[in-house]
Amino acid sequence: MSHGTHNRPTKLTDEERQTQLAPLLGGGGWQLAEGKDAITKQFVFKDFGQAFMFMTRVALKAERLDHHPDWANVYNRVDVTLNTHSVGGLSRLDVELAKFIDQTARIAAD
């Protein structure tokens, strides 16, 4: 399986953390994970069907980005953790996927 020709991700700079990451952490509901350079958020849906629809949409986007979340699902709850293993921390891919995940959660909950 070939991976895309997109640039290899790099760790977020201090400036990128302020401009791109801070909004997710501020009002966005994401939190810094304990013990590693990652972000985490819990999503709660009406039922398992909504949660699974959300996960399916996120999975398709993750495949296109070749960047996959660490997540767990229990009935209507999905816990998501994002980081970029290849850079040992957070990259622009995590920010992009987090924004998509937030949009998708709003759609799935409608």
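Structural notes, computed from the coordinates. Computed from a predicted structure; not experimentally measured. (Residues numbered from 1 in each chain as written. Predicted model: local features only at pLDDT ≥ 70, side-chain atom pairs only at ≥ 80, totals over all residues. Heavy atoms only, no water.)

**Comments concerning the overall build of the protein chain**
Rules: Under the scheme used here, helices are H or I runs from DSSP no shorter than 4 residues and strands are E runs no shorter than 2 residues, and both carry numbers assigned from the N terminus. Exposure is judged per residue with a 1.4 Å probe applied to protein chains only, and the accessible area is read against the type maximum: over 50% gives exposed, under 20% gives buried, and values in between give partly exposed. We call two residues in contact whenever any of their non-hydrogen atoms come within 4.5 Å of each other. Values of accessible area rely on a 1.4 Å probe in the Shrake-Rupley scheme; residue burial ignores everything except the protein chains shown.
The helix and strand tally for the protein chain stands at three helices and four strands. In the protein chain, which comprises 110 residues, the proportion classed as buried is 40%. When contacts within the protein chain are restricted to residue pairs at least 6 apart in sequence, long-range pairs at least 24 apart make up 64% of them. As displayed, the protein chain has an accessible area near 6,600 Å², and 52% of this comes from carbon and sulfur atoms.

**Some thoughts on the environment of Val-95**
Mapped onto the fold, Val-95 is located in helix 3 (residues 92-109). Owing to a relative accessible area of 4%, Val-95 belongs among the buried residues under this scheme. Between the alpha carbons of Val-95 and Lys-61 there is a distance of 13 Å; along the sequence they are 34 residues apart. Residues within four places of Val-95 in sequence aside, it is in contact with Leu-12, Gln-20, Leu-21 and Leu-24.

**Re helix 3**
Defined as follows: Helix span, as expected, comes to 1.5 Å for every residue beyond the first.
For helix 3, which comprises 18 residues, the first-to-last C-alpha distance of 26 Å matches the rise-based estimate of 26 Å (1.5 Å per residue) to within 8%. Every buried residue belonging to helix 3 is among Leu-93, Asp-94, Val-95, Leu-97, Ala-98, Phe-100, Ile-101, Asp-102, Thr-104, Ala-105 and Ala-108, and all of these are buried.

**Focus on a nonpolar patch on the surface**
We apply this condition: Exposure above 30% relative accessible area and the absence of a salt bridge qualify a residue for a patch, where like charges join within 9 Å and nonpolar side chains (Val, Leu, Ile, Met, Phe, Trp, Tyr) within 5 Å. By convention in these notes, a salt bridge is any Lys or Arg side-chain nitrogen within 4 Å of a carboxyl oxygen on Asp or Glu.
A cluster of nonpolar residues, Phe-48, Phe-52, Val-74 and Tyr-75, forms a patch on the protein surface that exposes about 420 Å² of accessible area. By secondary structure assignment, the location of Phe-48 is in helix 2 (residues 48-65). Judged by relative accessible area, Phe-48 falls into the partly exposed class, the value being 38%.

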